[in-house]
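A closer look at the structure
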Amino acid sequence: MTYLVPQHPLQLVELGAERFSRCFNCGNCTAICPITKEKASYPRKLIRYSLLGMEDKILSSTDPWLCYYCGECSDQCPRDANPGSFMMSLRRYLTTKYDWTGFSKLMYYSKKAEVIAIIVVAAIVGSIIYLLHGPIVETRVELETFAPYLTTEIGALTVLFVLAGILLSNLYRMYRFVMRDENGNRIRVPLGFMIRDFIRIVPLHFLTQIKIKECKDRQKNWINHLIIFYGYAASFILFVPLLKFTQTNDPFLFVNPLSILGIFSTIALLYGASIAIYGRVKKTQPMWKDSHSTDWMFLILLLLTTITGILTGIFRTFGFPLPTYIMYSLHLMIAAPFLILEVPFAKWSHLAYRPFALYFESLKERYLASKR
Amino acid sequence: MSEELRIGVYVCHCGTNIAGVVNVKDVVEYAKTLPNVVVAKEYVFMCSAPGQQIIKEDIKNFKLNRVVVAACSPSLHEPTFRTATAEGGLNPYLFEMANIREHCSWVHPDEKEVATTKAKLLVKMAVAKASLLEPLSEIKFKVNNTALIIGGGVSGLAAARDLAARGIKTYLIDRSPTLGGRAARLGKLTYTEMKGIDVFKGLIRDVAGNRLIDVYTNTELVSVDGSVGNFKVKLVKNPRYVDAKCNLCGECAKVCPVEVPDEFEFGMSKRKAIYLPFKDAYPRIYVIDMKSCTRCLECVKVCPVGAINLNEKPSELTINVGGIIVAAGYDPYEPKTGEYGYKLSNKVITLFQLERLLDSEGPTKGELIVNGVKPKNIVFVMCVGSLSTTPDAYPYCSRMCCSSTIKNALVLREKYPDTNIYIAYKDVRTYGRGDEQLYMKAGENFVRFAKFKDAPKINIDQKGNLSVTLFEETLQEEITIPTDLVVLVVGMTPPRDIDKVRTTIKIGCGPEGFLREAHLKLRPVETATDGVYLAGAVTGPKNIIESIASGSAAASRTLALLSKEEVAVEPLIAVVNEDICSGCAICVAMCPYGAISLKIIDKNIRVAKVDSALCKGCGTCAAACPSGAMQQYGFKDAQIKAQVIAAMGEV
Amino acid sequence: MSYLPKPVLVIGGGIAGIQAALDLADQGIQVYLVEKTPSIGGKMMQLDKTFPTLDCSACILTPKMVAVARHPNIKLLTYSEVIEVTGSAGNFNVKILKKPRYVDEEKCIGCGICFNKCPSKVPDEFNLGMSQRRAIYVPFPQAVPLKATIDKEHCIYFTKQRCRVCEKVCPTKAINYEQKPETIELNVASIVVATGYQLIDPTLAAQYGYGKYQNVYISLEFERLLSSTGPTGGEIVRRSDNKHPKNIAFIQCVCSRDVKINPNCSAFCCMASVKHSILAKEHLPNVDCTIFYMDLRAFGKGYQEFYNRAMREFGVKFMRGKPAKIEEEPETKNLIITYEDTFTGLKKTMTFDMVVLAVGVKPIYPEALKLPLSEDGYVQLKNQYLDPVLTMIDGVYTVGVAAGAKDIPDSVVQSGNAAIKASILAGGAQK
C-alpha cells in the first residue's frame, strides 16, 4: 500500500513548478524526451506520482537528476503543463529532502530566510576579519600581512571540511532514499559492485557531465556548464588548498603558472556566470525560463565572488593597498556564504547528486537483474 | 385490370454496400428476362435525386405501370420511392421494393456468387408481387391540434412551453405530485451560477397559468387508443387529498405526527406525511402521502381553509390529442447495498446526494457535513452503474457524469480550499462545449485524477474509517486513498415502470430499456409510431441542456404534425370480403388494437368490420381468418403466394 | 387561420441546416435556405458511413436533401452568401449575394456532358484534392440542386478568353458567361445559423508531418478513401505507392485538446476513428488498426457498445498515449510513431504503413451577422440552459457544430430546437 501525501504537489509549486497539475496524463512528454529510455517513464509518471501524493515514489526516484531541462516536453505539452519546470522543481525538492540540516529547506522555501542567511554569514566573516585581521600596511600592498595566511587557511579549510561532511552525509541520505525496490523495501548490493560501479560512473560523470549531451541541442550548454565547473574548480583549488601560494605579498606575476591559471579560471567564471545571467534575464533557453530565487542568488553570488576576486587581484597588481584589503574582505564576505550555503544546500549540490544518481541507478539495475 | 403490365426494375449499388458483394450488372440483366419487365437499370444511389429522376423519366418514356426497386430496407426508403413513383404519375402503391442490402449483401459479405443469386431471386419475387399490385389511396384523417406530454421534468416543460408558444393546446402530466423532475433537485449547474431549481423556475414561469397548458400532477397513463393525429388517451388522476384552497400556511405539516425520509433530499432529511414536495414545487399545494398517513385527522383539524379531504378518490379522465411526447426522464442508478460500500457507511453517498448537500436550500443549508463533520478528504468514484464496472452496472456511458463530477469537485475546492479531492475515473469524457476547459481547471485546482480499469474497492475498517483502493492503470500500481467521504458518481437508468408507458403507447426500446428513436441519428426525437415523440433522458443519458434541447426538438416535430389540417396514413390495412366472411369473430378477438367489430348486414348475417382509423396493418386478422375473407392491402394472399412461388423456383 | 407567418432564414445547408429547414417548412413556415457552395449536403455528404449504426451516410442524407428540394415551403439558394443583416428579432432585413454559376439554373438538366468535355482539370474539393474535377462541375453526383457551376478561377474562357467548349456541347443552351452576381433582399422573422465547421490546419501539429509525409492522412481524407464515390472507388491505398496498407494508426486529438492550438474537445473524432478502424477492417480484413487516444469519448447512445465491438469483434488495438512525433522511412515511406504506452509506462516506436490524424474543428460564422463570440471561439449564448440555441442577438439561433463541436444526432436535436424557436417568432400564436 502506497502512503499518500496529498500536500506533496503543493510544495513543488512553492519550489517553482508551474501549471503541472494541468497534466492530463497523455505521455507526450515521456515520448518526446530525448533521454528517456524504453523503461524510464518520465516526466509523466513523476507528475502522476506527485499529483496523487505518492511521495515515497518521488523520493526513491533518481530520474529527476537525469533531466537537463532541454524543454522539448514543455514546448509540446498539449496542456502547457510545463513538465520541464516540474522536473526542475523536483530537483530542488529532492535537494531539500536529502539535506538533514534543514538549511536547504529554509533557503528554498523562503527568499527572506535565504537573504538573511547570506547576510548573517557575511556578517560573521566580516566580524572575524575585523577582529582578526593583521596590521594594515598602507605604504604598499601587503595582503599576507593584512590577512595572515594561517588564519585565512584555517577558516577556508574548516569551511571545506564541514561542507564536505554535510555533502557526504546528504549523499548517504540520498542513497537511503533511493535504494528501494518498487514496494519500498531497502535493497542492498554487494560491496564489490558498489566499488566497481563507483569507479566506473562517478568520476567520469562528475568531471565531464557528459550526460547533458544526450539532451537535445545542448552542446553549447554543456560547454558553458563545463566552463563554469572548471573555472570554479580551478579557483577553488587555487584559493583554498593552495592559498599559501596565491595569497602572498609578492606582486602578481604573469609568468607564475598559478597566476595564469587564476586568470583563466576567473575569466571562465566571469564568462560562464554572465552567459547564465544574460540567458535567465532574456529567457533564451527553456531551462532559463523559470528561475527560482535560489538560481538568481547563486549566479549573483558567483559573479560577485568572481568580480571581487578579480578586483582584489587588480588592486594588488597595481599597488593600491587599502582598496585591496577592503576588496579582499568583501571577497571573503561574499565567497563564504556562497560556498557555505549554495554548495551543499542549494543549487550546486546537483554537481554531486547527478553523478551519484547515475551510480545509484546502476546499482539498482544490478539488484533488479539479480532478482530476475 | 386489363391493361398490359409494364414493369421497370431498378437495382441500387448503394455505394459499395450492395455492389461490393452483389454483381449488380448480372442482376439487371436477369431482371430484363423476367415477365413483363420492359426496362431494368442500375444506379449508384437510387435514393438520390438523379436516381429518383431515372424512375420518373422511365415511367413516362416506357409507359411503366409498375416499379420495382431493389435496394435497402423498405423501412428506410420505401417512402422515398413511393413519392418518386407518384411524381412520375403512377399510383404510389404500384411500387414494390426488394431488400437486397440488409437481406442480402450485408449478411453474405463473403459469398458473392450466392448473394448475387439471392438478389436475383429477391428481384424475381418482387416482380411477381408487383404484377399483382393494385392502386390504393391514402387514408386521410383530420388532425386534432392538441398534444399530450408525459413527464413534467425540464424536457417536458420545455416542450410544453414551446408548443403553447405556437398556440398548441397541451396537456402536461406527471405521476408525481409536482412538476420539476430531477433537474430541480440539482445544485449549482456546470456552466452557470444558476441552480437546477432556477432552470425549473425559468421554465415554470412560462408554463404556470398558461391558458394553453393543462397540468395534471399525480396523474398516470391508463391507455392510449387511436393513431397519429387522433389519439384517445385515458388518464387516472390519483388523489392529492388537498385541494387548491391550500394557502401554504404549513400548519398541517406542523401537527402531522408521521415523519418519513424526504425523497426530494434523497432520504437525507425527513418530511411529514402531509408535505409540500419542495419549496418551489408546482402546483403550490400540499399533498398527503397516503402510504405513510395514519389518518389521525390532525391536519384536517388545523387547516384554516378546509382544503384537506382524506376521502378523495382517484378519478379517470379521457383526452383526445393529435400527438404525444414521452418525456419520462430517468432514474439515477441505485447501487445495491454493499456495492462500493453503499449503505454500509453513511460516509458513502451518491452524487445526487452531494448535490443536495451543496445546495443552500438542502438539508445542511449548503454546508458539506457528513456524519456531523466536515470531510477533509473526498474521493469521487466515477462510472458507478455505468460502463460495466460492476456485475450490476449497465454497459453504456451515462454521459453527463464526468462534467458533473468535475463541477462538484470545483465547487468543493472553492468552498473548502483545504479539502483534498481525488476522482477515481475510468475515462474522462468531457465532450461538451466548455467541458475540456472545466477539466483543465480541475487540474489547475489540484483535483487529483486516478485512472482505474476494474472497479475500485471501498474499505471500511472497524472504526468506520474509509479508504478507497484501486489499481492505477497509468502507473501500474495499487494505491489506497484514505478518505472521509466517498461520492459514488451514479449513472442514469431508464425510469422505473417505463415499460408500462412504453407498452401502452407501443414504443420500442433498446436492450438497456431506454426508449428507441425512429432513427438514432436523423430522427432522434421521433418513434417508429407516427405521432409519438420522445424528449429528454428517456432515450438515453443526457444533461440538462441536452434534455431541454430535445424537449424543444420534440415539440418542433410535434408542431410539424399538428400544424397540418389532416394527416395521411398508409392504406395498408385489413379489408373484409363481406361475401365470404362468416362472422366467426375470430379476428375480433385476435386484433390487438380493437379495430375489428361485427356489424349486422342482414337479420342473421353478421360480418367483420375494420375501423380504418384504428387498424395498424399488423396482419394478425388476415392470418387468423379461416375463410380468407380477411385480407390486407399490399399483402393479399395472392400477392404473397406469387412471391412464394417465385422464391421456390430457379433463377 | 388568417395570420400569415413570416419567413425564416436558415444559413448553411449541412445536415443541421437541412433539418432545421425541413422542420420549419413542415410547420408551415416559409424558409430560405442559403448555402455558399453549389450544393447542400455539407460535411455529412463526404462521410462514408456513420457511427454507431454504420448507416451509409449518403443513404440517409440524400432523401433529406431531396425533400428540401421538393418542399413547397423551402426556397433553396445555393452558391449564395449572406452579406448584410440589419433589423432585429421578428424583422430582419437580409441581403444575399447569389454568386453567378455562369449556368442558367432553369435550363441546366445536370446531364454532365459539359463536365466530361471541359479541358480544365482542378483538384476536387469534395475529395479533398485527392481526385480531379473539371472547371465546370457539380460537386458530387447526388448534388441538390443538380446544376452545373463554372469555377471562374480555373475556367479557360475566364482566364484566357478562349475555349467555350461547355457552351458548345450543352444540349439546353444553359451556359451563360455573362451572368452577373445577383443581390436578393429578404425580410425574415428569425435566422438559424447552421454554418458548421472547418477542419483546423493539420500542419499546426507539425510533429505529425501532415503535408510532409505522403502517407499521413486526415480523417476526412480517409473517409473519402473508404467511400465508393471517393477518389479510389472505396479502395484504401497509400498515396505513395497505391498499395493497401498492412497497418494503420489513427491518432486522436490532433489540433484538439491542445491549449496552444485549440483547447476544445471536438466531440466526434473518437467515434469517427473507431468507425474508421472498423470500416478499414471490413475493407481489408488483414489490416491492423491501432487507435492512439487519451480518453475515448464514447458518450452517446450506443457509442460505448460500438467501442467495445471494435475492440472485441474487430480486434482494433487501443493505445493510450499521445504520440510525440512521426518520422518517415525514406525508402518505404512508412511512418514511425514515437509514443509512450501509458498503461505500461514504456516508451516505444512503432512503424505504420498509413497514419490517419483525427483533426479538430473550429466553427464558421457568417461575418454579416457579427455574432458575439466566447473565449472558446464559439458563439456566445444568452441563456444556455433555458434557451440552448439562442445567441446574444434575439431572433438568431445557432445549431450544429457552429454552436459547439458535436455529433450528428445532437446537431439534429438542436436543429429541431432552433426550428421551433424560429417558428415561434415567425408564426406567433396560430389561433
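Residues numbered from 1 in each chain as written. Chains lettered and ligands numbered in written order. Predicted model: local features only at pLDDT ≥ 70, side-chain atom pairs only at ≥ 80, totals over all residues. Heavy atoms only, no water.

**Overview of the nonpolar core**
Soluble globular proteins tend to pack their nonpolar side chains together in the buried interior. Core analysis: the biggest nonpolar cluster contains 308 residues, and Phe380 of chain B together with Ile191 of chain C have the highest contact counts within it. Other than its neighbours up to four places away in sequence, Phe380 of chain B contacts Leu351, Leu354, Thr405, Asn408, Ala409, Leu412, Ile421, Tyr422, Ile423, Ala424, Val487 and Val489 of chain B. (Core = buried A, V, L, I, M, F, W, Y, C linked by side-chain atoms within 4.5 Å. Buried < 20%, exposed > 50% of the residue type's maximum accessible area, 1.4 Å probe, protein only. Contact = heavy atoms within 4.5 Å.)

**Observations regarding the sheet that holds strand β22 (residues 354-359) of chain C**
Residue and element names in this part refer to chain C. Pairing is parallel in the open sheet, where five strands are placed in the order β15-β22-β16-β17-β18. On the outer flanks of this sheet lie β15 (216-218) and β18 (317-320), each paired with one strand and no other. The average angle at which neighbouring strand axes cross in this sheet is 25°, direction not considered. (Pairing = 2+ DSSP bridges. Helix = DSSP H or I, 4+ residues; strand = E, 2+ residues; numbered from the N terminus. Axes fitted to C-alpha atoms, helices over the stretch in contact; angles between N-to-C directions.)

**Re the interface of chain C and chain B**
With 83 residues of chain C at the interface, the matching set in chain B holds 83 residues. Together chain C and chain B conceal approximately 6600 Å² of surface at their shared face, both sides included; 56% is due to carbon and sulfur atoms. Three residues stand out in chain C for area buried against chain B, namely Lys301, Tyr385 and Leu386 of chain C, and they jointly supply 13% of the buried area on that side. Summed over the shared surface of chain C and chain B, the result is nine salt bridges. As a salt-bridge pair, Arg70 of chain C and Glu87 of chain B come within 2.6 Å of each other at their nearest N and O atoms. Looking at the side of chain C that touches chain B, the elements that each hand over two or more residues are α1 (15-26), β3 (49-50), β4 (55-56), α2 (57-70), α8 (303-312), β24 (381-383) and α9 (408-427) of chain C. The leading source of residues in the side of chain C that touches chain B is α9 of chain C, at 13 residues. (Buried area = accessible area lost by both parts, 1.4 Å probe. Salt bridge = Lys/Arg side-chain N within 4 Å of Asp/Glu carboxyl O.)

**Overview of the interface of chain B and chain A**
Facing the 22 residues of chain B at the interface are 24 residues of chain A. Interface area, chain B with chain A, both sides summed: about 2000 Å², of which 55% is carbon and sulfur. Sorting the residues of chain B by area buried against chain A places Phe446, Arg448 and Leu475 of chain B first, and these three jointly supply 28% of that buried surface. The interface formed by chain B and chain A contains four salt bridges. For the salt bridge of Glu477 of chain B with Lys57 of chain A, the shortest nitrogen-to-oxygen distance reads 2.5 Å. Taken together, the links from chain B to chain A amount to 13 residue pairs in polar contact (both at pLDDT 80 or more). Residue composition of the side of chain B that touches chain A, grouped by class: ten nonpolar, five polar and seven charged. (Polar contact = N/O pair within 3.5 Å; in protein donor to acceptor, adjacent residues only side chain to side chain. Nonpolar A, V, L, I, M, F, W, Y, C, P; charged D, E, K, R; others polar.)

**Structural notes on the domain arrangement of chain B**
What the domain assignment reports for chain B is domain 1 (7-138), domain 2 (146-237 + 314-330 + 497-562), domain 3 (239-313), domain 4 (332-493) and domain 5 (574-632). If you average the C-alpha positions of domain 3 of chain B and of domain 5 of chain B, the two centres end up 52 Å apart. (Domains from an automatic or database assignment.)

**Section: the state of the cysteines**
All names here are of chain C. Scanning all chains against the criterion turns up one disulfide over all chains. There is a disulfide in this structure between Cys56 and Cys59, and the S-S distance comes to 2.4 Å. One quick way to see it: the torsion about the S-S bond of Cys56 and Cys59 is about 85°, and its sign makes the bridge right-handed. Here Cys59 falls in the buried class, since its relative accessible area comes to 2%. Considering cysteine sulfurs only, Cys111 is the nearest to Cys114, which forms no disulfide, with 6.0 Å between them. By relative accessible area, Cys114 is classed as buried at 10%. (Disulfide = S-S within 2.5 Å.)

**Concerning α9 of chain C**
All names here are of chain C. Between the first and last C-alpha of α9 there are 27 Å, a value that for 20 residues agrees with the 28 Å anticipated at 1.5 Å per step. α9 sits mainly inside the fold: 18 of its 20 residues count as buried. One side-chain oxygen of the residue at the start of α9 lies 3.2 Å from the amide nitrogen of Asp410, identifying that residue as Asp407. (Expected span 1.5 Å × (residues − 1).)

**Quick word on the side chain of Asp174 of chain B**
Residue and element names in this part refer to chain B. Its place among the elements puts Asp174 in the loop between β7 (169-173) and α7 (196-207). The side chain of Asp174 is buried and forms no salt bridge, while Arg175, the nearest opposite charge, is found at 5.7 Å. Among residues more than four places away in sequence, those in contact with Asp174 are Gly151, Gly152, Gly153, Leu179, Tyr216, Thr217, Asn218 and Thr219. (Lys, Arg positive; Asp, Glu negative; His and termini not counted.)

**Considering the side chain of His350 of chain A**
With respect to the helices, strands and loops of the structure, His350 of chain A is situated in helix α17 (residues 350-371). Discounting residues that sit within four places of it in the chain, His350 of chain A has contacts with Trp65, His225 and Pro355 of chain A.

**Details of the packing of aromatic side chains**
In total, this model carries 49 aromatic pairs over all chains according to the counting rule given. Through successive ring pairs, a cluster of aromatic residues spans Tyr172, Tyr175, Phe198, Phe356, Tyr359 and Phe360 of chain A. Just above the ring of Tyr439 of chain B sits the side chain of Arg79 of chain A; from NZ or CZ to the centre is 4.5 Å. Between the NZ or CZ atom of Lys129 of chain B and the centre of the ring of Phe635 of chain B, over which it lies, the distance is 4.2 Å. (Phe/Tyr/Trp six-rings, centres within 6.5 Å; stacked < 30°, edge-to-face > 60°. Lys NZ or Arg CZ within 6 Å of the ring centre and 35° of its normal.)

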